[in-house]
Amino acid sequence: MCGLTGIIDFRARPEQALVDAMTASLSHRGPDAHAVWLEGPAGLGHRRLSILDLNERANQPMLSADGRHVIVFNGEVYNFRELRAELQAKGARFRTDGDTEVVLCAFQQLGTACFARLNGMFAIAIWDREAQELTLARDRFGQKPLYVARTESAVLFGSEVKS
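So, here is what we can say about the structure in this document. It should be emphasised that the depicted structure is a prediction, and the values quoted were computed from it without experimental measurement. (Residues numbered from 1 in each chain as written. Predicted model: local features only at pLDDT ≥ 70, side-chain atom pairs only at ≥ 80, totals over all residues. Heavy atoms only, no water.)

1. Some details on the pattern of salt bridges
Note on pairing: side chains with opposite charge can pair once their charged atoms come close.
Moving on, step 1. Here the structure, examined in full by the defined rule, presents 7 salt bridges.
Moving on, step 2. A salt bridge links Arg 68 to Asp 128; its shortest N-O distance comes to 2.8 Å. Note that Arg 68 is positioned in the loop between β4 (62-63) and β5 (69-77) and Asp 128 in strand β6 (residues 120-128), a separation of 60 residues in sequence.
Moving on, step 3. Residue classification places Arg 68 among the partly exposed positions, given a relative accessible area of 29%.
Moving on, step 4. For Asp 128, a relative accessible area of 8% puts it in the buried group.
Moving on, step 5. The closest approach of N and O atoms between Arg 95 and Glu 101, which form a salt bridge, is 3.5 Å.
Moving on, step 6. A single network of salt bridges, built from pairs that share partners, joins Arg 68, Asp 128 and Glu 130. (Salt bridge = Lys/Arg side-chain N within 4 Å of Asp/Glu carboxyl O. Helix = DSSP H or I, 4+ residues; strand = E, 2+ residues; numbered from the N terminus. Buried < 20%, exposed > 50% of the residue type's maximum accessible area, 1.4 Å probe, protein only.)

2. What about the packing of helix α2 (residues 80-89) against helix α3 (residues 99-110)?
Helix packing geometry: the angle between the two helix axes and the distance between the axes.
Moving on, step 1. Running from N to C, α2 and α3 cross one another at 50°; their axes reach a closest spacing of 10 Å. The angle between α2 and α3 places the two elements in the oblique class. Viewed along their axes, α2 and α3 form a crossing whose handedness is left-handed. Residue-level inspection shows Phe 80, Leu 83, Arg 84 and Leu 87 of α2 in contact with α3, the latter providing Asp 99, Val 102, Cys 105, Ala 106 and Gln 109. (Axes fitted to C-alpha atoms, helices over the stretch in contact; angles between N-to-C directions. Parallel < 35°, antiparallel > 145°, perpendicular 65-115°, else oblique. Left-handed = near helix turned anticlockwise from the far one by under 90°. Contact = heavy atoms within 4.5 Å.)

3. With respect to empty space enclosed by the protein
Moving on, step 1. Tallied over the entire structure, the rule returns 1 cavity of 30 Å³ or more.
Moving on, step 2. Empty space within the largest cavity amounts to approximately 50 Å³.
Moving on, step 3. For the largest cavity, the full set of lining residues is Leu 83, Glu 86, Leu 87, Lys 90, Ala 106, Gln 109, Leu 110 and Arg 117.
Moving on, step 4. Broken down by secondary-structure element, the contributors of at least two residues to the lining of the largest cavity are α2 and α3.
Moving on, step 5. Partitioning the lining of the largest cavity into residue classes produces 4 nonpolar, 1 polar and 3 charged. (1 Å grid on protein atoms, 1.4 Å probe; cavity = no way out; pocket = protein on both sides within 12 Å on 5 of 7 lines; lining within 4 Å. Points joined across faces, edges and corners; volume = space filled by probe spheres on them. Nonpolar A, V, L, I, M, F, W, Y, C, P; charged D, E, K, R; others polar.)

4. Brief notes about the nonpolar core
As a rule of thumb, soluble globular proteins bury nonpolar side chains together.
Moving on, step 1. Ile 71, Val 77, Leu 87, Phe 115, Leu 118, Ile 124 and Ile 126 are the most contacted members of the largest nonpolar core, which has 22 residues in total.
Moving on, step 2. Contributing elements (two or more residues each) for this core: β5, α2, α3 and β6.
Moving on, step 3. The element contributing the most residues to this core is α3, with 6 residues.
Moving on, step 4. Excluding anything up to four places from it in sequence, Leu 87 contacts Ala 92, Phe 94, Val 102, Cys 105, Ala 106 and Gln 109.
Moving on, step 5. Counting residues in each nonpolar core, the second largest holds 12 residues, with Leu 4, Leu 44, Val 70 and Leu 146 among its members. (Core = buried A, V, L, I, M, F, W, Y, C linked by side-chain atoms within 4.5 Å.)

5. As for the sheet that holds β4
Moving on, step 1. In space, the 4 strands of this open sheet follow the order β4-β5-β6-β7, with antiparallel pairing throughout. The open sheet has two free edges, formed respectively by β4 and β7 (133-138), since each of these has just one partner strand.
Moving on, step 2. Taken together, the 9 bridges between β5 and β6 define a ladder with antiparallel strand orientation. By the bridge assignment for β6, His 69 is matched with Asp 128. (Pairing = 2+ DSSP bridges.)

6. A closer look at the pairing of β7
Moving on, step 1. Pairing of β6 with β7, which is carried by 6 bridges, proceeds in the antiparallel orientation. Along β7, the bridge assignment pairs Trp 127 with Leu 134.
Moving on, step 2. Following β6, the chain reverses through 4 residues before pairing antiparallel with β7; Gln 132 in that reversal takes a positive phi of roughly 55°.

7. Points about the environment of Ile 124
Moving on, step 1. Counting through the fold element by element, Ile 124 comes out in strand β6.
Moving on, step 2. Linking Ile 124 and Leu 104, residues 20 residues apart in sequence, is a C-alpha distance of 9.7 Å.
Moving on, step 3. Not counting residues up to four positions away in its chain, the partners in contact with Ile 124 are Leu 4, Ile 71, Val 72, Phe 73, Val 103, Phe 115, Leu 118, Thr 135, Leu 136, Ala 137 and Leu 146.

Below, the structure is given as structure tokens:
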């Protein structure tokens, strides 16, 4: 299963304790690993159930190879091996064997058009550290939940409402 959560707040940096609590509320979704990433207005959290790539390099939040983007991802992309081969043919290099890094690399090369190429069930949050922009996406049928709330200054999101 896995769980993702986050907050983007341009008025005040998200507090570590808040993002930790949001992530902890999803502990039942991912017992294998958990982490929080904080920088500027962004706080992202992830609970991991390791299925595809058991190596800790595949833990999330995951930074892109160039460090520009950070992803938290819940789900499975069934055609990630084919996408990986296409991206490698264009010069991409991968540190992991799972689908998360493939999604991140596809996003960097194709932008939001990459989501139409994903065959699977997923909820994704990608933070662009340079542009200070959040991209949220989920599969066409909404199999993987992604709840979003807006306040006057922030956007909060998660795999469950309670996060």
